[in-house]
Amino acid sequence: MYDLVLPIGERCHTKEALKSVLSDFPLYIFDYLEGVSLSIIKNTLSNNFNTFLLKENIDFINNGDGKHYYTVDRTTDIRISHIFKCNLDEKASLESFYPLIPRLINKTKTMIEQSSRILMIHCNDEFTYNLEEIKSFSKDIRTLYPKKKIDFLFCLYNNINDVLCYYKKNGITIYIIPIHKQKQQAPSNLEIWSNMEALTKCLKEYFCVSNNDIITYATIKRRYYFFKLLSKITFGKLRKHYKKKRKELKSKLKQVRKFLKGK
């Protein structure tokens, strides 16, 4: 289906979820990073990775997970979590492991150049985008590579109750994923803060590994108008029941619309 499946941020958990649907998944530069916004992706691809993650711009923050230093590119605020090992002091770790970054960049560039059908996946927990911004970004990236067929999959986190397929049109698919209820209590637990179960569910449906029957935004709208009609033509307990259903669906619609407007 695709020559290249390329995670493009916002952090590294996408590659973990992809293991459930792709048996052989190579690692690219964005799989080691966090805090990668769509604007950073656009600028990076536009200038062909020039000046991206230069050695002189990297600062060490702390010991991270105890195995790798937690570092940051001071020019972009991109954080790097899984490259610079803590078994060396900061200076030695930078000298020893920085060469991995240009190798990963070259690998990513080469795969983009050699691929004609590409899927870019952006799973976002940090930034806020509205639908028009997502469409604009997708158009800009396609303009950069006019001879390539590029699809986009966005998985965006929000305080909703269920996984929702909000948008699926013109090679752009948007899922909205619930923020895990225990995220605040376990911010460093990958399974929890990334709601890996929900994210994996979206990827499995997208790649047709399984049919999870994820509800769509259009389905919610149809149900809302259906219950709205029933609440007007019925009486007594049935009317109360349908009014309640109508209000629940209206609340969900408002929540999703507000989220995709970037509010």
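What you see as residue numbers is a count from 1 along each chain, following the sequence as written. Selection of residues for local features in this predicted model requires a pLDDT of at least 70, selection of side-chain atom pairs for listing and counting requires 80 or more, and totals for whole chains, interfaces and linings are taken over all residues. To obtain the side-chain values, all non-hydrogen atoms of the structure were used and water was disregarded.

Looking at this structure, I do not really get the overall build of the protein. What am I missing?
Helical segments are the DSSP runs of H or I of at least four residues, strand segments are the runs of E of at least two, and each set is numbered from the N terminus. Check the secondary structure of the protein and you find nine helices and 10 strands. When the backbone C-alpha atoms are referred to their principal axes, the protein occupies close to 75 × 45 × 35 Å. Only protein chains enter the accessibility calculation, which uses a 1.4 Å probe. A residue is then buried if its area is under 20% of the maximum for its type, exposed if over 50%, and partly exposed in between. Split into buried and exposed, the 263 residues of the protein put 49% on the buried side. Residue-level accessible areas treat just the shown protein chains as cover; the underlying method is Shrake-Rupley with a 1.4 Å probe. Of the roughly 14000 Å² of accessible surface on the protein, 49% is carried by carbon and sulfur atoms. Positive charges come from Lys and Arg alone, negative charges from Asp and Glu alone, with His and the N- and C-terminal ends not counted. Just so you know, the charge point we use is NZ for Lys, CZ for Arg, CG for Asp and CD for Glu. Here the protein contributes 46 positively and 27 negatively charged side chains, and the mean placements of these two sets differ by 15 Å.

Help me understand the nonpolar core in this model?
Where a protein is soluble and globular, its nonpolar side chains tend to be buried together. Within the largest apolar cluster, 57 residues are counted, with the highest numbers of intra-cluster contacts made by Ile-29, Leu-33, Phe-52, Phe-84 and Ile-101. Note on contacts: a residue pair is in contact if any heavy atoms of the two residues lie within 4.5 Å. Once residues lying within four places of it in the same chain are set aside, the contact partners of Phe-52 are Ile-29, Phe-30, Leu-33, Ile-40, Thr-44, Ile-78 and Ile-105. The nonpolar core is taken to be a set of buried Ala, Val, Leu, Ile, Met, Phe, Trp, Tyr and Cys residues, with the residues joined through side-chain atoms within 4.5 Å.

How should I be thinking about helix H2 (residues 38–46) in this particular structure?
Every α-helical turn comprises 3.6 residues, leaving residues that sit three or four positions apart pointing alike. For H2, the full list of buried residues reads Leu-38, Ile-40, Ile-41, Thr-44 and Leu-45. Take H2 and look down its axis: the buried residues cluster within an arc of 160°, on one side only. Contacts made by the buried residues of H2 are with strand E5 (78–80), helix H4 (100–114), strand E6 (117–124), helix H5 (131–144) and strand E7 (149–158). Of the residues flanking the end of H2, it is Asn-48, one or two places downstream, whose phi is positive at about 60°. Each direction from the helix axis to a C-beta atom contributes to the arc, which is the arc of those directions.

Please clarify how the side chain of Thr-71 should be interpreted in this entry.
Counting through the fold element by element, Thr-71 comes out in strand E4 (residues 70–73). The class for Thr-71 is buried, based on a relative accessible area of 0%. When sequence neighbours within four positions are dropped, the list of residues in contact with Thr-71 reads Ile-58, Asp-59, Phe-60, Ile-61, Ile-78, Arg-79, Ile-80 and Phe-84.

Got a minute to help me understand the pattern of salt bridges in this structure?
Note on pairing: side chains with opposite charge can pair once their charged atoms come close. One side-chain nitrogen of Lys or Arg within 4 Å of one carboxyl oxygen of Asp or Glu is enough to make a salt bridge. Across all of its chains, the model carries nine salt bridges by this definition. The salt bridge partner of Glu-34 is Arg-79, with a shortest N-O separation of 3.7 Å. Separated by 45 residues along the polypeptide, Glu-34 in strand E2 (residues 33–34) and Arg-79 in strand E5 bring together distant segments of the chain. By relative accessible area, which is 13% here, Glu-34 ends up buried. Linking Lys-135 and Glu-132 is a salt bridge whose minimum nitrogen-to-oxygen distance equals 3.8 Å. Of this pair, Lys-135 and Glu-132 are both found in helix H5, three residues apart, which corresponds to roughly one turn of the helix. By relative accessible area, Lys-135 is classed as partly exposed at 30%. What you see here is one network of salt bridges that share partners, running through Glu-34, Asp-77 and Arg-79.

Would you take a moment to explain the packing of H2 against H5 for this structure?
The description of two helices packed together rests on the angle between their axes and the distance between the axes. Remark: H2 packs on H5, axes separated minimally by 10 Å, with the N-to-C direction vectors making an angle of 10°. Overall, the two elements H2 and H5 adopt an arrangement that is roughly parallel. Two secondary-structure elements touch here, H2 through Leu-38, Ile-41, Lys-42, Leu-45 and Ser-46 and H5 through Phe-137, Asp-140, Ile-141 and Leu-144. Just so you know the grouping, Ala, Val, Leu, Ile, Met, Phe, Trp, Tyr, Cys and Pro go in nonpolar, Asp, Glu, Lys and Arg go in charged, and all remaining residues, Gly too, go in polar. Here the residues of the contact of H2 with H5 sort into six nonpolar, one polar and two charged. Every axis corresponds to a line fitted to the C-alpha atoms, with the helix fit spanning only the stretch in contact, and the corresponding angles, defined between N-to-C directions, vary from 0 to 180 degrees. In these notes the angle categories are as follows: under 35 degrees is roughly parallel, over 145 is roughly antiparallel, 65 to 115 is roughly perpendicular, and the rest is oblique.

Is there a simple way to think about the sheet that holds strand E3 (residues 58–62) in this case?
Each pair of strands is called paired provided DSSP finds at least two bridges between the two strands. Reading across the sheet, the four strands line up as E2-E5-E4-E3 and stay open at both edges, with antiparallel pairing between neighbours. Of all the strands in the sheet, just E2 and E3 have a single pairing partner and so form its edges. In the sheet, E3 pairs with E4 via four bridges, with the strands oriented antiparallel. For Phe-60, the partnering residue across the bridge sits in E4 and is Thr-71.

Before we go on, may I ask you to explain the packing of aromatic side chains in this structure?
Geometry of an aromatic ring pair is reported as the spacing of the ring centres plus the angle between the planes. Only Phe, Tyr and Trp rings take part, Trp by its six-membered ring, and two of them pair if their centres are within 6.5 Å. Stacked means planes under 30 degrees apart, edge-to-face means over 60, and tilted covers everything else. According to the stated counting rule, one finds 13 aromatic pairs in the structure shown. Note on Phe-49 and Phe-52: the rings are 5.8 Å apart at their centroids and 75° apart in plane angle, and the pair reads as edge-to-face. Like Phe-49, the residue Phe-52 is buried in the burial classification. The rings of Phe-30, Phe-49 and Phe-52 are connected pair by pair, giving a single aromatic cluster. A ring is considered to have a charge above it if a Lys NZ or an Arg CZ atom is located within 6 Å of its centre and within 35 degrees of its normal. When the ring centre of Tyr-28 is taken as origin, the NZ or CZ atom of Lys-107, which lies over that ring, is 5.3 Å away.

Which parts of the structure should I look at to understand unusual backbone geometry?
Of all residues except glycine, most have a negative phi; of all peptide bonds, most are trans. A cis geometry characterises the amide bond from Gly-9 onward to Glu-10, with omega recorded as 10°. Structurally, Glu-10 is set in the loop between strand E1 (4–7) and helix H1 (13–18). Positioned with a positive phi, Leu-53 is a non-glycine residue whose angle comes to about 55°. By secondary structure assignment, the location of Leu-53 is in the loop between H2 and E3. Looking at Leu-53, the relative accessible area reads 1%, which means it is buried. The residue Asn-170 is not glycine, and still its phi comes out positive at about 55°.

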